[in-house]
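Chains, contacts and geometry: an overview
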Amino acid sequence: MMSDDELAQAAAQVRRRMRGTAVDVSVNIAEAMSVFAPLGWAMSAVWPYEGTVRALKAAEDGAMTDQLDQILTDIWNGEHARWMEIGVERLRRGGNAHWPFKADLWRRVDLVQKAIAHHQAGAYEASIPILFAQIEGLSFDVTEKAFFTKWQPIPAVDDKTLAGLGGNIEVVRRVCNADVKQRQSLGQFSRHGVMHGRELTYDTKVNSTKAIVLTISAFEHWLPQADKVAATLRAEHGREVAGHPGVDETGRLLDDRGVPELRNVRYDLEGRYMLWINTGGIEPFDLRRDLGELATTHGAARGRFTIHGDNVAFWWSYRLPSGHILGWAARKIRPGAHPPHESWWWDAAAAPENAPWEDPTGWAQYPGDAEGAWRPDDPLF
């Protein structure tokens, strides 16, 4: 870990470069990282623009480490405070391919939100250990390795997120990984010092804010990897259930390969259909085009669909890998109705032969959520 003198020298070098090259500090993220990361501040896509400019200007004017820490802490706990929760909430978007994994991501976000609540109450002794633990836990989830380690640490760089830019999380990790071998009360931002009980005055607003900001950055960096893990887990699940006949106690298929993907297709298709009806056609909707597009997006096989009808009234069926047939039908009622359409569900061993408004045999019409194989996943918490 850099000493305060070394950090001051590094910041001074940055200031000289900025003055010498007339860098526009309002847009130079790399320069911002080179100043903030050695102090333990990890950047991400939710960093405050104006606050970043303000802090960089202070660095340019000669602000020292403790002054920059205070400026950034005030920004994150002032006009930018709401972005703490918004930043960690984004992890809830991940893991859609495998529901059990997604549920665990939600549980992890819930724990982080509890840490943020501790932070807001001034209980920094509680917030910081929770945050370090959840960063480490997500690292194990998506990489199968610890994040806070000095022994062959996993790369913390990617080409998809701002958080994953070189010189960001990896630098902050080095700050957090600084050993605290003796009992001390220096307020050092060291994960080792906190979790091993060597740093006895870690519980400061500055350190807690840094831990929240690092959590946001780590979650952003690992979100794309979380999606890959979910897809892998879903594929493993598919191999395990393949060929298992019958349903569980809720009526869901035991061999549910393709079902979650199809539910996502249907959900998004219904949203587009409702928007098309309620806007009087201003929002575009084309049954075959949209169904094909959504199938590609959600990983459903386009060739398994059989489609009938047009935009006003249509029905389609889908043959799952197990051979079971699921289908959905919809017919426009009028804009402004709630909902503006009627809908029916098909769940059987054979495909439907007629639209439900012509012959309802085998079709089920529900006022709310469907049942059986179409039944949605249980709400998260």
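See the structure shown above.
Residues numbered from 1 in each chain as written. Predicted model: local features only at pLDDT ≥ 70, side-chain atom pairs only at ≥ 80, totals over all residues. Heavy atoms only, no water.

With that settled, consider the side chain of D69. Within the secondary structure layout, D69 lies in helix α4 (residues 65-76). Among all residues touching D69, those that are not within four sequence positions of it are L39, W41, V206 and K210. (Helix = DSSP H or I, 4+ residues; strand = E, 2+ residues; numbered from the N terminus. Contact = heavy atoms within 4.5 Å.)

Unlike most non-glycine residues, E144 shows phi in positive territory, near 65 degrees. Considering the arrangement of structural elements, one finds E144 in the loop between α7 (124-143) and α8 (169-176). E144 sits in the exposed class, given a relative accessible area of 70%. The phi angle at Q152 is positive, at roughly 50 degrees, despite the residue not being glycine. The topology assignment puts Q152 in the loop between α7 and α8. (Buried < 20%, exposed > 50% of the residue type's maximum accessible area, 1.4 Å probe, protein only.)

The subject of this paragraph is the packing of α4 against helix α10 (residues 205-241). Running from N to C, α4 and α10 point in directions that differ by 65 degrees, and their axes come no closer than 10 Å. When the axis of α4 is compared with that of α10, the two are roughly perpendicular. Crossing of α4 against α10: the hand is left-handed. Each of D69, Q70, T73 and W76 in α4 lies in contact with α10, whose residues at this interface are K205, V206, T209, K210, V213 and I216. (Axes fitted to C-alpha atoms, helices over the stretch in contact; angles between N-to-C directions. Parallel < 35°, antiparallel > 145°, perpendicular 65-115°, else oblique. Left-handed = near helix turned anticlockwise from the far one by under 90°.)

Counting residues in each nonpolar core, the largest one holds 61 residues, and the members touching the most others are F36, W41, W47, W76, L214 and W222. Secondary structure elements with two or more residues in this core: α2 (29-36), α3 (49-60), α4, α5 (82-89), α6 (99-120), α7, α8 and α10. Setting aside chain neighbours within four positions, we find W47 in contact with F36, W41, A42, T52, L72, W76, H80 and V213. Of all hydrophobic cores here, the second largest spans 26 residues; its members include W276, I277, W316 and Y318. (Core = buried A, V, L, I, M, F, W, Y, C linked by side-chain atoms within 4.5 Å.)

Judged by how many residues are buried, strand β3 (residues 325-332) sits mostly within the fold: six of eight residues are covered. In the sheet, strand β2 (residues 313-319) pairs with β3 via seven bridges, with the strands oriented antiparallel. Along β3, the bridge assignment pairs R319 with I325. Here β2 folds back onto β3 in antiparallel fashion, the turn holding five residues, of which G323 has a positive phi close to 100 degrees. In terms of strand pairing, β3 meets strand β4 (residues 341-348) through eight bridges, oriented antiparallel. Looking at β4, one finds that W328 is bridged to W345. (Pairing = 2+ DSSP bridges.)

Attention now moves to the pattern of salt bridges. Two side chains with opposite charge may pair up if their charged atoms get near one another. According to the stated counting rule, one finds 22 salt bridges in the structure shown. Here D256 and R234 are joined by a salt bridge, their closest N and O atoms 3.5 Å apart. With D256 in the loop between α10 and α11 (259-278) and R234 in helix α10, this residue pair connects regions lying 22 residues apart in the sequence. Side by side, D256 and R234 carry an identical accessibility label, which is buried. In this structure, the salt-bridge partner of D290 is R289, at a minimum N-O distance of 2.8 Å. On the basis of relative accessible area, D290 is assigned to the buried category, the value being 1%. You can call R289 partly exposed: its relative accessible area is 43%. (Salt bridge = Lys/Arg side-chain N within 4 Å of Asp/Glu carboxyl O.)

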